[in-house]
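# Observations on the model geometry
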Amino acid sequence: MKISRILPALGLLLGAASISAQTAGELFRDADLALGEKLIKDNGCVACHVRKVGGDGSKIYRPTGRINTPGFLRGMVEQCNTELNLGMFPEEVSAVAAVLNRDHYRFK
């Protein structure tokens, strides 16, 4: 496997681990929900999820054992940001994750 693929993945894992103990209230406290909604729409997140899992795309949320903390949710959004080269800043990633938490995950 190429080192250029390993390093970003390692960074995502370390970042997720460092914030995985935070509650949703702590992690998403200052998140701009309106911005998160706009970014989800502008970046075509729902269309991508539909392509991946079919239906309305909502089956992508809460896969068994995959995303079980607010930190891992934020890390998953960061992974999409990185893999798709969306260019979102950290506060934008948090805004998207906060919207997903509000609408699908409901972590406390």
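Let us look at the structure shown here. (Residues numbered from 1 in each chain as written. Predicted model: local features only at pLDDT ≥ 70, side-chain atom pairs only at ≥ 80, totals over all residues. Heavy atoms only, no water.)

It is worth spelling out unusual backbone geometry at this point. Even without being glycine, Asn85 reaches a positive phi, approximately 55°. Tracing the backbone through its elements, the reader meets Asn85 in the loop between α5 (70-83) and α6 (90-105). Looking at Asn85, the relative accessible area reads 68%, which means it is exposed. The phi angle at Arg106 is positive, at roughly 60°, despite the residue not being glycine. When you line up the elements, Arg106 lands in the segment after α6. Taking relative accessible area as the criterion, Arg106 reaches 54% and is therefore assigned exposed. (Helix = DSSP H or I, 4+ residues; strand = E, 2+ residues; numbered from the N terminus. Buried < 20%, exposed > 50% of the residue type's maximum accessible area, 1.4 Å probe, protein only.)

In this section: the environment of Arg102. Assignment of secondary structure puts Arg102 in helix α6. Linking Arg102 and Ala24, residues 78 residues apart in sequence, is a C-alpha distance of 9.6 Å. With sequence-adjacent residues up to four places away left out, Arg102 is seen in contact with Leu33 and Glu37. One polar contact links Arg102 to Asp103, side chain to side chain, over a distance of 2.7 Å. (Contact = heavy atoms within 4.5 Å. Polar contact = N/O pair within 3.5 Å; in protein donor to acceptor, adjacent residues only side chain to side chain.)

Considering all chains together, one arrives at two aromatic pairs under this definition. For the ring pair Tyr61 and Tyr105, a centre distance of 6.0 Å and an interplane angle of 90° mean the geometry is edge-to-face. In this pair, Tyr61 is assigned in the loop between α4 (45-53) and α5 and Tyr105 in helix α6, connecting sequence segments 44 residues apart. Taking relative accessible area as the criterion, Tyr61 reaches 15% and is therefore assigned buried. Judged by its relative accessible area of 4%, Tyr105 is buried. When the ring of Tyr105 is compared with that of Phe107, the centres are 5.6 Å apart and the planes differ by 20°; the resulting orientation is stacked. A connected cluster of aromatic rings, assembled from ring pairs, spans Tyr61, Tyr105 and Phe107. (Phe/Tyr/Trp six-rings, centres within 6.5 Å; stacked < 30°, edge-to-face > 60°.)

The analysis is restricted to geometry; functional conclusions fall outside its scope.
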